[in-house]
Each structure stands twice: as C-alpha cells, then as structure tokens.
Amino acid sequence: VLSHNLCTVLNVPHDPVALEEHFRDDDEGPVSNQGYMPYLNKFILEKIQGNFDKVEFNRMCWTLCAKKNLSKSPLLISDEDAFKVWVIFNFLSEDKYPLIIVPEEIEYLLKKLTEAMGAGWQQEQFDHYKIALNTSREGLSAWELIDLIGSGQFSKGMDRQTVSMAINEVFNELILDVLKQGYMLKKGHKRKNWTERWFVLKPNIISYYVSEDLKDKKGDIILDGNCCVEALPDKDGKKCLFLIKCLDKSFEISASDKKKKQEWIQAIQTTVNLLRAGSPPPHKEARQKRKELRQKLLAEQEELERQMKELQTANENKQKELETVRKQLEAAAARAAEEEKKRLQTQVELQDRFSLELEREKMVRQKMEEQVAQKSSELEQYLQRVRELEEMYKQLQDALEDEKQARQDEETVRKLQARLLEEESAKRAELEKWHLQQQQTIQMTEAEKQELENQRMIKEQALQVAMQQLEQLELERKEALEQYEEVKKKLETAANNTKSWKDKVAHHEGLIRLIEPGSKNPHLITNWGPAAFTEAELEQRQKSWKGKKATSE
C-alpha cells in the first residue's frame, strides 16, 4: 500500500512484480535481505521526473507520521496549520539527520509570522528562550516547533484566525513560492471588458483565478527575462493601470490603489530581474545565505575550539615542564648550596696561594723591567748605527749615479766618432782637415777615458769597502735580531703572568723597527763587475741622458 501510494503521488509507474520479487514470502512470512530503503531508492526515487505535486507528497508523508508524533495536548492552531508548519520545518531544517531547526531559523520563522500577524517582534523574549534552548540542545524537532507555535507563546493576544492566516501567508511564500497575491482587475483580450481576478505571483508565472480559494484558474502569464512591466495613465474610467508585456501578448491590469499598483509593479519587475540573472527566489537565496553564514560560523567555532584544545594541551605540557623545571631548580639549589660551601673553602686556600704568587710575580716583573730598559738602550744604539749605514749607502748610490753618467758620456763620444768616420768616407776631399780634427778629438777622448777609468777604479775600491761594511752590519743586524727574539719570548712569558707588564712591553715593541733585506731582483753585470743599479734605474738614466743630449744638440 505504501509503495503504491508513493508511486501514485510521485507519478511513477508502479511495478508490483518487482515488489513481489524484492519481498518474497516463505513459510515464516515476508522476508527481505536488503530492507525497504534499497527498494525505495531503486524502484521509486530513481524514477522521479520532477512533475509531481510536492504539496500532495508532503501531505502523504504528514499522514504517515503525524498521528504517531503530534502532541496530544490542545493547540491554538488547526491540524491544517500544523501540517503547514511541518512543511515549513522541512524547508528550514538542517541537511542532516535527525532533522532539527536551529535557533536562527526559528527566529526567522517567528519574525515572519509576527510580521504577517501585524504584531511587534519581542526580541528580548526570544533571547531568553534562545538561551534556555542552547543550554539543553542544538535546535527543535518538527513536533517541538509545532508545539511552540501552537502554544501561543509568541502570539499572545492574537486569535486563532489571525495566527492561521499568518501561517498560511508564510507557507505560500516559503513553500509555494508565492511572492505576492491579491485581487485586481484584468482587461480581456477579446471582449475588452474588465473582470476582477485573484492574482498569484510566483518566480516564473502569474496565475489568476476567479477567487482566492484557487479552485477555478482562468489563465497564466508566463514570465521570462524578456518580459517587462510599465505604468499606464488612467483611461476609460480605470485608474492605477499598468501593463505586463510578454513576447506573445500584453496584459492590462488595474490595481485597487496607487500603493497596490506600485507594489505589484515592483514585485513583477524584481521577479523578471531574478529570471534574467538566473537567481533563485529571494526567500530561498536568503535561506542559502543564512545557511552559508552558519556553516562559516560553525567552521570558525570548530577552528576556535581546536585552537583552544591545542592551547589547553600546550598549557598542560607547559605546566608539566614547569613542574619538572621546579624540581630541577630545587635539586640545583641544593647542589649549589653544597658547592658554595666548597667554593668558600677553596677561595680561602686560593687567596693564600695567590698572595704568594703575586709577590713572586712582582719580583719577576722588576727584573724584566730592568732587562727591558737595558735592551731598549742597546736598541737605540743599534738604530743609530743603522741610520749611519743608511746615510753611507745613499752616498754610495750617488757615486754610482755619477759613474753611470760618465759611462753614458763615453758611449755618446763613441757614437760621435762613428758618425765622423762615415763622414770621412763621404768627403775624401777634406780628409786631411777633418783627420787633424779627429785626431785632436781622439786624444781628448783618450785623456777623458783614462781619467774616468781612474775614477771608476777609485769608486770600485770604495764600493768594495762599503760592501764589506754592509756585510759586517748585516752580521751585527742578525745578532741583534736574535737578541730581540730572545727578549720578545721573555716578554711574552711575562705577559701571561701580569697584564700591566704586557702593556709596557707592547709600548717598547712599538719603538722597534726591523731592517728588512734589500731587493732580491738580479743585479746587472758590467765590464767591471756587478752593477750598483737595477735595469729599471738604468732605463731611467738612459732616458735622462738622451734628454740632456737632445737639449745640448
């Protein structure tokens, strides 16, 4: 019977053979290994096309469950109103079983009912009810919601008829998608006469009936995104006119007053705009937004609870760590007290030992200061001798410069002689005259060469003496460096014992300047032995001589 009635209400063909096959009889009665829900899903719900009357389907479900669950206590609403509240509950309830309606949706429904009854909303009263509700459960079941509305707790002072009308208005809006309804005059298309009709505006259609009982439908105005509505001026004795334009025809309608006219124009235009945008009806969109907001708040609350649990766990761990640290500190304090006693004893012993070592270090420091003073005077004498040797070295360099200049002059004379010989071969006619001049020039050159040779020999002897002195000084410098290294090691040993003594030694070390060996570049070799200048100095002096020669010529 249940399966047959469901198929009838849902416009699904009933298959008794499949039913008999699913629920087979045996000696012990009807048996099903799969249960009724698999049969319902496979043979009924999967075949639904969506062309059934949802109100009739809800009424059948209401018939199945109302008698068992509806409260036996007297209510201020009729069974029909209770059925409508039950259907509204199914629309506003959460999408999880068991179905409940949360306090936010209860507030929304009660506000809609109060607004429909023309009464004022008592927010404070609902807040007290909400607090009492939240302490015990998350929401209300369908039967508890019916008891709440039927008890008249939020409709005090209202009669049964007013409450019933309010429930019916909210039912029409939320369940039947009735956006607006009321009596208006419609102009006929054939006779052009004006007839009063009951108009019902839904998301995609306007239906008009003979009366508000909706028994005799006279026609529909199909709405889509191409429709429009516009106000018309008064004519033919009719006022508050407006026109609904569709693709196939237009409809002239007269409202009872200007307010109703404006309300209908605005409602129809809003419906057309929603059709153009592909948006759901306002109450469904608002329900979806409220649901998304609750889900968001629930997610934030769950995240906050998770963070609180994490913080609580972290706090407990910190408490355990603090307790462990406290015990460790107590043990450390006990050990520290014992160590303090030992430290005091050791400190007294160390003070005596340090006093003896300090006296010993003072004596060592005095000796080191005397040695440093002696070495400082020796170092001053050594530096004075080094400065004298450097002065002598500069004088030797000047002598070598003079020698280089003389050799350059000799080279110049030789080049001049070669040039004169070439001119002699070209001018044989003046040979004798130039020969005499050449002989005189050669004699003068020989004399100068002899004189330069004598000077070179003298300078070489002086250079050898200077080289011997330099070698002697080098030996003395090495001995002084060895003595300095010994003194430096002694000073470093003394610096480890006393810091003040290290500062004094560092001050004396600042007075010492080491004499580094000269350049290691290879020396030039001349006809008379190693040269006293480098290749770079020779090139510089050659450039200088060439410049002087060019100036003299």
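Everything numeric here is computed off the predicted structure, so don't read it as measured data.

The rules behind these values
Residues numbered from 1 in each chain as written. Predicted model: local features only at pLDDT ≥ 70, side-chain atom pairs only at ≥ 80, totals over all residues. Heavy atoms only, no water. Phe/Tyr/Trp six-rings, centres within 6.5 Å; stacked < 30°, edge-to-face > 60°. Buried < 20%, exposed > 50% of the residue type's maximum accessible area, 1.4 Å probe, protein only. Salt bridge = Lys/Arg side-chain N within 4 Å of Asp/Glu carboxyl O. Helix = DSSP H or I, 4+ residues; strand = E, 2+ residues; numbered from the N terminus. Pairing = 2+ DSSP bridges. Axes fitted to C-alpha atoms, helices over the stretch in contact; angles between N-to-C directions. Expected span 1.5 Å × (residues − 1). Polar contact = N/O pair within 3.5 Å; in protein donor to acceptor, adjacent residues only side chain to side chain. Lys, Arg positive; Asp, Glu negative; His and termini not counted. Contact = heavy atoms within 4.5 Å. 1 Å grid on protein atoms, 1.4 Å probe; cavity = no way out; pocket = protein on both sides within 12 Å on 5 of 7 lines; lining within 4 Å. Points joined across faces, edges and corners; volume = space filled by probe spheres on them. pLDDT = per-residue confidence, 0-100. Patch = residues over 30% accessible without salt bridge, like charges linked within 9 Å, V, L, I, M, F, W, Y side chains within 5 Å. Areas by Shrake-Rupley, 256 points an atom, 1.4 Å probe, with all protein chains shown as cover. Disulfide = S-S within 2.5 Å. Core = buried A, V, L, I, M, F, W, Y, C linked by side-chain atoms within 4.5 Å.

J.: Before we go on, may I ask you to explain the packing of aromatic side chains in this structure?
T.: For any pair of aromatic rings, the description rests on two quantities: the centre-to-centre distance and the angle between the ring planes. In the structure shown here, the tally under the stated rule is 14 aromatic pairs. Geometrically, the ring pair formed by Phe-52 and Phe-57 is edge-to-face, given 6.0 Å between the ring centres and 70° between the ring planes. On the basis of relative accessibility, which here comes to 19%, the residue Phe-52 falls in the buried class. Residue class for Phe-57 comes out partly exposed when judged on its relative accessible area of 23%. Ring centres of Trp-62 and Trp-86 lie 5.6 Å apart, and the angle between their planes is 55°; on these two criteria the pair is classed as tilted.

J.: Hey, could you run me through the pattern of salt bridges in this one?
T.: Pairing between side chains becomes possible if they bear opposite charge and their charged atoms approach one another. Counting across every chain of the model gives 21 salt bridges. When the shortest N-O distance is used, the salt bridge between Arg-326 and Glu-323 registers 2.3 Å. In this pair, Arg-326 and Glu-323 both sit in helix α11 (residues 282-426), 3 residues apart, roughly one turn of the helix. The exposure class of Arg-326 is partly exposed, given its relative accessible area of 38%. By relative accessible area, which is 34% here, Glu-323 ends up partly exposed. In this structure, a network of salt bridges that share partners links the residues Glu-94, Glu-105, Arg-290 and Arg-294.

J.: I would appreciate a short explanation of the sheet that holds strand β3 (residues 180-187) in the present structure.
T.: Remark on secondary structure: sheet strands pair via backbone hydrogen bonds, oriented parallel or antiparallel. Read across the open sheet, the 7 strands follow the order β6-β5-β4-β3-β9-β8-β7; overall the sheet is antiparallel. Each edge of the open sheet carries a strand with a single partner, namely β6 (217-222) and β7 (228-232). Sheet twist, expressed as the mean angle between neighbouring strand axes with direction ignored, is 35°.

J.: Explanation requested: helix α10 (residues 258-277) in the structure shown.
T.: Given 3.6 residues to a turn, an α-helix orients residues that are three or four positions apart in the same direction. Over its 20 residues, α10 extends 28 Å from the first C-alpha to the last, a length consistent with the 28 Å expected when each residue adds 1.5 Å. Every buried residue of α10 is listed here: Lys-261, Trp-264, Ile-265, Ala-267, Ile-268, Thr-271, Val-272 and Leu-274. For α10, the side-chain oxygen to backbone nitrogen distance between the N-cap and Lys-259 is 3.2 Å, and the N-cap itself is Asp-257. A positive phi of about 70° marks Gly-278, the residue just after α10.

J.: Explanation requested: the side chain of Lys-84 in the structure shown.
T.: Secondary-structure assignment places Lys-84 in helix α5 (residues 79-92). Of the side chains bearing the opposite charge, Glu-80 lies closest to the buried Lys-84, which forms no salt bridge; the N-O distance is 4.6 Å. Among residues more than four places away in sequence, those in contact with Lys-84 are Ile-167, Asn-168 and Phe-171.

J.: When you look at helix α6 (residues 103-117) in this model, what are you seeing that I'm missing?
T.: Counted at 1.5 Å a residue, the expected span for α6 with its 15 residues is 21 Å, and the 21 Å between its end C-alpha atoms agrees. α6 sits mainly inside the fold: 11 of its 15 residues count as buried. Just past α6, the residue Gly-118 takes up positive phi, approximately 80°.

J.: I tried to follow the pairing of β3 on my own but got confused; where do I start?
T.: Regular strands have side chains that alternate between both faces of the sheet. Relative to strand β4 (residues 194-202), β3 runs antiparallel, the two sharing 8 bridges. Of the residues in β4, the one forming a bridge with Gly-182 is Phe-199. Connecting β3 to the next strand, β4, in antiparallel fashion are 6 residues, including Lys-192 with a positive phi near 60°. Relative to strand β9 (residues 250-254), β3 runs antiparallel, the two being bridged by 2 bridges. In the sheet register, Lys-186 faces β9, and the bridge partner there is Ile-253.

J.: Looking at this model, I keep getting lost on empty space enclosed by the protein. Mind explaining?
T.: Empty pockets left among the atoms are what a rolling probe the size of a water molecule brings to light. Overall, the coordinates contain 4 cavities of 30 Å³ or more when judged by the stated rule. Here the largest cavity is characterised by a volume of approximately 90 Å³. Elements with a minimum of two residues in the lining of the largest cavity: α6, α8 (142-150) and α9 (160-174). Residue contributions to the lining of the largest cavity peak at 4 residues, all from α6.

J.: Would you explain the confidence of the model for the protein in this entry?
T.: Fine structural detail should not be taken from predicted coordinates in areas where pLDDT scores are low. Overall, the predicted model of the protein reaches an average pLDDT of 82, with 89% of residues at or above 70. The least confident element of the protein is helix α13 (residues 499-509), whose mean pLDDT is 50; the most confident is strand β5 (residues 205-209), at 92. Segment residues 509-516 is flagged for pLDDT under 50; beyond a separation of four residues in sequence, or across chains, it makes 12 contacts in the model.

J.: I'm lost on a nonpolar patch on the surface in this one. Help?
T.: On the surface, Leu-304, Met-308 and Leu-311 cluster together to form a nonpolar patch covering roughly 320 Å² of accessible area. Of note, Met-308 is situated in helix α11.

J.: How do you make sense of the state of the cysteines when you look at a structure like this?
T.: Here a disulfide denotes a covalent bond joining the sulfur atom of one cysteine to the sulfur atom of another. For the coordinates displayed, the defined rule picks out 0 disulfides. The closest cysteine sulfur to the non-disulfide-bonded Cys-61 is located on Cys-65, 7.1 Å from its own sulfur. Among the residues examined, Cys-61 registers a relative accessible area of 22% and is labelled partly exposed.

J.: In this structure, what is going on with the nonpolar core? I would like to understand it.
T.: Burial of nonpolar side chains together is a common tendency in soluble globular proteins. In this structure, Trp-62, Trp-86 and Ile-146 are the most contacted members of the largest nonpolar core, which totals 39 residues. When contributions to this core are tallied by element, the ones reaching two or more residues are α4 (54-69), α5, α6, α7 (123-134), α8 and α9. Per-element tally for this core: the top contributor is α5, with 9 residues. With near-sequence residues (within four places) excluded, Trp-62 lies in contact with Leu-70, Asp-79, Ala-82, Phe-83, Trp-86, Trp-143 and Ile-146. Ile-221, Cys-227, Ile-253 and Ile-268 belong to the second-largest nonpolar core, a separate cluster that totals 21 residues.

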